[in-house]
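Architecture at a glance
Single-letter residue listing:
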Amino acid sequence: MMSLLQFIPGAGFHQKHLGFEWGPGDLLVYETNYKLQGIRPRSAGSPSVHVVRRDEDICSPILRKLFNESHLIFVGLQKIKEDVPSKNKKSQFVSISKNYRSVIRACMEELQQNAGKRSPDTHHVSILLAIELIWNLCEVLFIDAAPAGSLLLHLLDWVRLHKSDVDARAREVLQSDSPAQHQSYWDVPAGTQTLTEFDVKWRHWHEECDRCLQDNTFASNRHLETICKILVGDEDTLLEQRELLSTWYHFLVTRLLFTHPTIKPPDLHYYAQSSMNMFLGPRASPEPLDIILLSAFEFDLHQVIKDCSIALNNWWFVAHLTDLLDHCKLLQSHNLQCVSHIRSSYLSYMHVCVSLWQLAVDYFDHCPEFGRVYLELQIERVPLDTERKAIKVLRICEDRQMSEQVRSICKIMAKRALRNNRLGSALSWSIRAKDAAFATLISERFLQDYSNKGFFTDLDLLDNLGPAMLLSDRLTFLGKYREFHRLYGEKRFSEAARLLLSLMTAKIAPRSLWMTLLTDALPLLEQKEVIFSVDQTYELMSCLEELNSGTKDLNQTDQDEDIESTKTELLRLALARNLAMAIVKEGTIET
């Protein structure tokens, strides 16, 4: 939130020879004229280039609170329907503008409370004061669009709000035993009369004071004569009260109050320019804030936005104010792409603090030009620290049909889970990524884990794969093989036998696991009740012989060969016994 101009030697608004471009987050400032005062070109014919980096203070807790609360206001603004009548919209827009300012002021007050503890907060306070000052003026001139007559009353409220000691001093005067005798009485004159009453009284005062001055009525009393000069709006007398006015725009409103209280908006720029010149004098140069306020008084919205973009390295203010002005249809004469670019530029600045990524999503959604691209880049930068956070990011991508980002997130989480030997989580993420190759790898790990432990883990996942098991052949086998074990556990032996046989005959089971499946058939073959029919038994025999006739594993030890040989003999015996029982049973049924 540091001022951009503090980083550029010799740069100011009065110089028109600087260009700038926003990159992924930093600002590149370059000379468009080689004769800039205070900046030397590095070589003849080549301009200087300055890189202005982003401020890391955006991550401070109090400023994060500002971003969080203003985000809610922003989202509410986007929900205002286009078909709402303009008169109703205006009151809504004014209310939203005040809500923004309320959030700024609350943040500013909290920073002021902490100013003694942390010195950087003092700078933030001054920046927020300037932001609220500019926003309030834009609200008066553009959003509320106060007409002639009430315009000055709004400007009086604007000045009083930002001259923080006025209200306190006024209360002190009014609560005293004799307000008229209080030493600050004449420093804070105030009233609650209507505009008409004020106008009548002002004209009367003006005529009376002018007559008294002409007649030298108060020539013997210097103080009374000064009061008369103030009431007729004598500029030299007003300028003598600089210590009470403090700023040129305070002087402007005071000058208008006593010379032109019913001023019309188009006439403001003349009084603003002349008031600034008179108050600052010929030697002082206007500050960036002065130039911004002057542009507002000239009703040059484009220049206000442009100057704020240069003066404030924090794009929060520019983005939100521009968005509100755009909703008010006040930027119709300007390129809509510019509005979208400013909003998007603010969001690129928000990337500094990764904890704000969820807020950025809603802003990206309302950036028609760059939002989608920026969101994709932002998603790639979000650290997926936990599964909960990854699921949040994933849902955002799924809601916006960002299929490539969905796959990327799921693959990252699947690999991480696999590294941590969390097979269930890894399989779940690979299924969401629709990554057949990775799902096959994890299925192999599941089967290997089963071979080592003799039981399956993550049963809730395996029992509820549903259509997802069709992602790969190995995953299909894993799901069906787990289903076989479930059916067996529920003593649904006939269904379990059919499923086991189909896994081998349909070639779904990997050949390396055929002996395991045939061994799983042994308990079914040894049941008192015949489970496998004659045809099914022959198919099991065929699978066993096909397995034994295949190429031998050269890495197999003698002990492994003995074990395999024993299993084969047991299977042949069980199959022969089951075949005989099945023939008898089926023959008896036919008879």
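For the structure, check the block above.
None of these values were measured; they are calculated from a predicted model.

Turning next to the overall build of the protein chain. Of regular secondary structure, the protein chain possesses 27 helices and three strands. Here the protein chain, with 591 residues, has 45% of them falling under the buried criterion. Taking the intrachain contacts of the protein chain between residues at least 6 apart in sequence as the baseline, contacts between residues at least 24 apart amount to 61%. Of the roughly 31,300 Å² that the protein chain leaves accessible, carbon and sulfur atoms contribute 51%.

Right, let's talk about the nonpolar core for a bit. In this structure, W158, W248, F297 and F317 are the most contacted members of the largest nonpolar core, which totals 77 residues. Considering every element that reaches this core, the biggest residue donor is helix α3 (residues 120-143), with 13 residues. Apart from the residues lying within four places of it in its own chain, the contact partners of F297 are L137, L141, L155, W158, W248, Y249, L252, L268, H269 and A272. Core analysis: the next-biggest nonpolar cluster, separate from the first, contains 70 residues, A390, M402, A433 and L513 among them.

Taking 1.5 Å of rise per residue, the 13 residues of helix α4 (residues 150-162) would be expected to cover 18 Å, and the 19 Å separating its terminal C-alpha atoms lies within 8% of that figure. Within α4 the residues assigned to the buried category are L151, L152, L155, W158 and V159. Seen from one end, α4 has its buried residues packed into an arc of 115°, which puts them on one side.

Quick look at helix α21 (residues 436-453) now. The end-to-end C-alpha distance of α21, which contains 18 residues, comes to 25 Å, matching closely the 26 Å that a straight helix rising 1.5 Å per residue would cover. Among the residues making up α21, those that are buried are F438, A439, I442, S443, F446, L447, D449 and Y450. Tucked inside the fold, the buried residues of α21 contact α19 (403-419), α20 (423-433), α22 (459-462), α23 (473-489) and α25 (514-525). Sitting at the amino-terminal end of α21 is D435, which places a side-chain oxygen 3.3 Å from the backbone nitrogen of A437. Positive phi appears at G454, one or two residues downstream of α21, with a value of about 85°.

Each value, and the rule that gives it
- Residues numbered from 1 in each chain as written.
- Predicted model: local features only at pLDDT ≥ 70, side-chain atom pairs only at ≥ 80, totals over all residues.
- Heavy atoms only, no water.
- Helix = DSSP H or I, 4+ residues; strand = E, 2+ residues; numbered from the N terminus.
- Buried < 20%, exposed > 50% of the residue type's maximum accessible area, 1.4 Å probe, protein only.
- Contact = heavy atoms within 4.5 Å.
- Areas by Shrake-Rupley, 256 points an atom, 1.4 Å probe, with all protein chains shown as cover.
- Core = buried A, V, L, I, M, F, W, Y, C linked by side-chain atoms within 4.5 Å.
- Expected span 1.5 Å × (residues − 1).
- Arc of directions from axis to C-beta.
- Polar contact = N/O pair within 3.5 Å; in protein donor to acceptor, adjacent residues only side chain to side chain.

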